[in-house]
Amino acid sequence: MSFGENLKSELNPEQYKAVTTTDGAILIIAGAGSGKTRVITYRIAHMLEKGIPQSQILALTFTNKAAKEMSDRIKELTGRKLQNLTVSTFHAFGVRILRQDIDKLGWRPNFSIYDETDRSALIKETGRELRFTPDALDVYAIGNLFSDIKTGRRNWNGDNDAYRELYEGYQEGLKLYNAVDFDDLIVLPIRLFKEHPEVLQSYKDRYKYIMVDEFQDTSHQQYEMMHLLADKNVAVVGDDDQSIYSWRGADYQNIVNFEKDFPNVTEIRLEQNYRSTETILAAANGVISHNTNRKDKSLWSGNGNGRPIEIYMPENEAAEADFIAESILGICAEEKRKYDEFGVLMRANTQSRAIEESFLENNIPYTISGGMSFFERKEIKDVISYLRVIANHDDDINLLRIINTPRRGIGRSTIEALNKVAADLSVSLWEAMQAIISAPEEQCPVTEATKANIEAFTAIIENNKNMLSGKGLSKKVHALVDEINYFDYLIAEYPKSEKAARFKYMNIESLIKSMEMWENNPEHEDTSLYAYLNRITLLSRDDLDDGEEDKGKVNVMTVHASKGLEFPVVFIAGAEEGLMPHMRALQDGGDVAVEEERRLFYVAVTRAQNRLIISSCLHRRRQQATVECEPSRFLDEIPENLVKYHEPSKELGAEDAHEMLQNMLKNFSRPRVPKL
DNA sequence: CGTCTCCAGGTTTTT
DNA sequence: CCTGGAGACG
């Protein structure tokens, strides 16, 4: 049976219209659980069946996970190989554009992509050169400021003007090191399109059908990128009630812009919810109706009432965690459910600690997304830094990370000398090293011994340039790790714990293993070092742990990470004032911020299919002190008749605490093997 | 001049 | 636990 024979019977009338309206500008308002993914994938499959070439279709998403899921499902539906269909995240699409034409903007195509850690390092580095006093440098806040400036969310004014010079230095640094930051991946393609209309035209000639998922989370830049590319056939799918990324520049007002910018927009609303019980949906509607300034919609479901929403008020976060663990065990037995049918949602990653403790104690398998990701681990970053420098010698930030790791006698003063040469000649550190190596002895600013150390380092990089071409990347990386004796370095670094050193070495082996799997995957045609580096910088936390490994495990995650997912049973932990809504958000956001926090709570509630269990602690440890907590204001917004309160149960004895902690530490930060 | 040791602090959400 | 910085030591 081929796709499309029975479209009408497989879809409701609105869905059918959304799938079959392929021409013109279309705005699809898709409420939570209304079968959005189904509509998008059917829509593309339908276009392909109609004979539209794959190459003319561009689908933009926010996460790699969403992109992958989308193409997998289209493949399944159509039974075709997808060779020319572009399903990509905005950022990955930006990278593709830049690799092609960034030379027109003055970068070279082997540019590095800087993540937040690299950005902070560059800010610190630039600040040092410009002699900013260290305590005036809150690199975290300044990084955010720079991001806001670059994307037009903030302007220079009396308050932040002091950082203007630093910003310019930062930008010069990026260019000198042949690097771009995350914002550049959107901002630079726009610049390219505007300054070089012929480049834009080539993309417009190719892509005739554009689709954007999670449209409520587009930033102004992303919108502009889409607007520049889009001719007339453009479909955007979103839900203003689920806009939860405004702190990253998302603005659901883009929905309004869309209606203005594209004439004759066809608006389609998907309001039938296939996911949740009436009770859960009524609770969600009750909460979200407190927001002003939203597109009015009425979600309905034909799924029956189901159980009331359960609210429990445990003494503290340990009791909360035990309650969740025990409830899971109980429900598993009672309703014959498997562990992977549960989702435990929280506002902040720090909440996971208590929950993990209790799950370990109760032998409940779980996967956790969030916290430190695999690629943020020091040992992984070290290896990757080598690869980046091999790919782009001028990448000073990554070069500085590894120049003396493992120790090779290049310390502070040598680096200072290198910096001086680099500044005098206006070149990167790599060039400065070349200059020093070839300088005659009497003009050399460093001793012969130091010079030898520098040469030893550059030799490693030169010797591994064979990674840039040919096959067998993972083998070559393995050889590099051996060459630099990284394992010995780890042993020396962690003298107290050989176990820690071994653990870290195992992480590196996992990295190499995943690299091997990646290069052996026949779907990946380009297995060059460049392709690999592209791939991993844009991976996000939740792209890592998918697949078989997580089968049969309880899903613990932040509410942000849960968007787009659903679980038969959902726990929301920490529904307290100060956490949900979060006090940081309240401090610097006012009413607008409360509305976003409310949407976040709405997202959490609408993840649940059958049962929703919410807990709100009476006390919670915050940093060193235990503070008293009040239930979240959002709980009061759930219609009372839908709710059942639990009696508080007795607190668990404290004598197990020690053992619990030991258990936890033993299993703390297990390696998560990335799947590429 | 580089390395080792001791101490402080840990950021809401993340492409 | 884990990282980065300051200051002492070889």
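From a predicted model like this one, the values you see are computed outputs, not experimental measurements. (Residues numbered from 1 in each chain as written. Chains lettered and ligands numbered in written order. Predicted model: local features only at pLDDT ≥ 70, side-chain atom pairs only at ≥ 80, totals over all residues. Heavy atoms only, no water.)

**Student:** Got a minute to help me understand the environment of Asn-264 in this structure?
**Tutor:** Relative to the elements of secondary structure, Asn-264 occurs in the loop between α12 (254-261) and β8 (266-270). When the C-alpha positions of Asn-264 and Ala-25 are compared, they lie 7.0 Å apart, and in sequence the two are 239 residues distant. (Helix = DSSP H or I, 4+ residues; strand = E, 2+ residues; numbered from the N terminus.)

**Student:** What's the story with the pairing of strand β3 (residues 86-89) in this structure? I'm lost.
**Tutor:** One face of the sheet, then the other: side chains in a regular strand alternate in exactly this way. What you see with β3 is no split at all: Thr-86 and Ser-88 on one side and Val-87 and Thr-89 on the other are buried throughout. As defined by bridge partners, strand β2 (residues 57-61) adjoins β3 across four bridges and the pair is classed as parallel. By the bridge assignment for β3, Ala-59 is matched with Val-87. The β-α-β motif built from β2, the intervening helix α4 (residues 64-78) and the parallel element β3 has right-handed crossover chirality. (Buried < 20%, exposed > 50% of the residue type's maximum accessible area, 1.4 Å probe, protein only. Pairing = 2+ DSSP bridges. Right-handed = clockwise from strand over helix to strand, strands pointing away.)

**Student:** Looking at this structure, I do not really get the sheet that holds strand β16 (residues 608-615). What am I missing?
**Tutor:** Strand pairing in a sheet relies on backbone hydrogen bonds, with the paired strands running either antiparallel or parallel. One open sheet holds the seven strands; their spatial order is β13-β14-β12-β15-β16-β11-β19, and the pairing between them is parallel. Each having just a single partner strand, β13 (366-368) and β19 (643-645) make up the two edges of the open sheet. Adjacent strand axes in the sheet meet at a mean angle of 20° when their direction is disregarded. Summarising the sheet, β13 and strand β14 (residues 554-558) pair through three bridges and their orientation is parallel. The residue bridging Tyr-366 from the neighbouring strand is Val-554, located in β14. (Axes fitted to C-alpha atoms, helices over the stretch in contact; angles between N-to-C directions.)

**Student:** So what exactly am I meant to see when it comes to the confidence of the model for chain A here?
**Tutor:** Low pLDDT means the predicted coordinates in that region are not meant to be read closely. The share of residues in chain A with pLDDT of 70 or more is 92%, and the mean pLDDT across the chain is 87. Here residues 649-656 scores under 50 on pLDDT; set against residues more than four positions off or in separate chains, the count is six contacts. (pLDDT = per-residue confidence, 0-100. Contact = heavy atoms within 4.5 Å.)

**Student:** I would appreciate a short explanation of the environment of Tyr-386 in the present structure.
**Tutor:** If you trace the backbone, Tyr-386 turns up in helix α16 (residues 378-391). C-alpha of Tyr-386 to C-alpha of Gly-589: the two residues are 203 residues apart in sequence and 41 Å apart in space. With near-sequence residues (within four places) excluded, Tyr-386 lies in contact with Ile-402, Thr-405, Pro-406, Arg-408, Ile-460, Ile-461, Leu-480 and Ile-484. A polar atom in the side chain of Tyr-386 sits 2.6 Å from the backbone oxygen of Thr-405. (Polar contact = N/O pair within 3.5 Å; in protein donor to acceptor, adjacent residues only side chain to side chain.)

**Student:** How should helix α3 (residues 36-49) be read in this particular structure?
**Tutor:** Between its terminal C-alpha atoms α3 stretches 20 Å, which fits the 20 Å expected from 14 residues at 1.5 Å a residue. The buried fraction of α3 is high, at 11 of 14 residues. All buried positions along α3 are accounted for by Lys-36, Val-39, Ile-40, Thr-41, Tyr-42, Arg-43, Ile-44, Ala-45, His-46, Met-47 and Leu-48. (Expected span 1.5 Å × (residues − 1).)

**Student:** Looking at this model, I keep getting lost on the pattern of salt bridges. Mind explaining?
**Tutor:** Two side chains bearing opposite charge may form a pair once their charged atoms approach each other closely. Evaluation of the coordinates by the stated rule reveals 49 salt bridges. The salt bridge involving Lys-36 is made with Glu-214; its shortest N-O contact spans 3.1 Å. Of this pair, Lys-36 sits in helix α3 while Glu-214 sits in the loop between β6 (209-212) and α11 (220-229), and the two are 178 residues apart along the sequence. Judged by its relative accessible area of 16%, Glu-214 is buried. The shortest N-O distance in the salt bridge between Asp-115 and Lys-381 comes to 3.1 Å. Remark: Lys-381 occurs in helix α16 and Asp-115 occurs in the loop between β4 (112-114) and α6 (116-129); sequence separation between them is 266 residues. (Salt bridge = Lys/Arg side-chain N within 4 Å of Asp/Glu carboxyl O.)

**Student:** Help me understand the packing of α6 against helix α7 (residues 139-150), please; the structure alone is not making it clear to me.
**Tutor:** Between two packed helices, both the angle of their axes relative to each other and the distance between the axes serve to describe the pair. It is the contact of α6 with α7, at a shortest axis distance of 9 Å, that shows an interaxial angle of 100°. For the element pair α6 / α7, the angle class is roughly perpendicular. Residues Arg-119, Ser-120, Ile-123 and Lys-124 of α6 touch α7, and the partners they reach there are Val-139, Ile-142, Gly-143, Asn-144, Phe-146 and Ser-147. Grouping the constituent residues of the contact of α6 with α7 by class yields four nonpolar, four polar and two charged. (Parallel < 35°, antiparallel > 145°, perpendicular 65-115°, else oblique. Nonpolar A, V, L, I, M, F, W, Y, C, P; charged D, E, K, R; others polar.)

**Student:** Teacher, can you tell me more about the protein's contact with DNA strand C here?
**Tutor:** The environment of DNA strand C is made up of Lys-124, Lys-378, Tyr-494 and Lys-504. For DNA strand C, a phosphate oxygen lies 3.1 Å from a polar atom in the side chain of Lys-124. Across the surface near DNA strand C, the residue classes tally to one nonpolar, no polar and three charged. (Near = heavy atom within 4 Å.)

**Student:** Just to check I follow, could you spell out the packing of aromatic side chains for this structure?
**Tutor:** The description of an aromatic ring pair uses the distance of the two centres, along with the angle that the planes make with each other. On inspection of all chains with the given rule, the structure shows 18 aromatic pairs. A centroid spacing of 5.8 Å and a plane angle of 55° characterise the contact between Phe-193 and Tyr-203, whose relative ring orientation is tilted. Of this pair, Phe-193 sits in helix α9 (residues 184-195) while Tyr-203 sits in helix α10 (residues 197-206), and the two are 10 residues apart along the sequence. Judged on exposure class, the residue Phe-193 and its partner Tyr-203 are both buried. One aromatic cluster is present, formed by Phe-93, Phe-193, Tyr-203 and Tyr-207 through successive ring pairs. Over the ring of Trp-107 we find Lys-175; its NZ or CZ atom is 4.8 Å from the centre of that ring. (Phe/Tyr/Trp six-rings, centres within 6.5 Å; stacked < 30°, edge-to-face > 60°. Lys NZ or Arg CZ within 6 Å of the ring centre and 35° of its normal.)

**Student:** It is not clear to me how the side chain of Gln-221 should be interpreted in this structure. Could you clarify?
**Tutor:** In this fold, Gln-221 is placed in helix α11. Take Gln-221: its relative accessible area is 14%, and that puts it in the buried class. In this view, Gln-221 contacts Thr-151, Ile-186, Val-187 and Ile-190; residues no more than four positions away in its chain are not counted.

**Student:** Would you mind going over the packing of α16 against helix α24 (residues 529-537) with me for this structure?
**Tutor:** Relative orientation of the contacting elements α16 and α24 amounts to 130°, with a least axis distance of 10 Å. With respect to α24, the axis of α16 lies oblique. Considering how the two elements wind past one another, α16 and α24 form a crossing that is left-handed. Mapping the contact onto sequence places Ile-384, Leu-387, Arg-388, Ile-390 and Ala-391 in α16 and Leu-529, Tyr-530, Tyr-532, Leu-533, Ile-536 and Thr-537 in α24. Per-class residue counts for the contact of α16 with α24 are nine nonpolar, one polar and one charged. (Left-handed = near helix turned anticlockwise from the far one by under 90°.)

**Student:** Explain unusual backbone geometry to me, please; I cannot follow it from the model alone.
**Tutor:** The general pattern is negative phi for most residues beyond glycine and trans for most peptide bonds. The omega angle of the peptide bond from Thr-405 to Pro-406 is -5°, so this bond is cis rather than trans. Along the chain, Pro-406 falls in the loop between α17 (396-402) and α18 (412-425). Note the cis peptide between Met-580 and Pro-581, where omega equals 5°. For Pro-581, the position within the fold is in the loop between β15 (567-572) and α26 (583-587). Unusually for a residue other than glycine, Asn-363 sits at a positive phi of about 55°. With respect to the helices and strands, the residue Asn-363 is situated in the loop between α15 (352-361) and β13. A positive phi angle is found at Ser-426, which is not glycine, with a value near 50°. Mapped onto the elements of the fold, Ser-426 is located in the loop between α18 and α19 (429-438).

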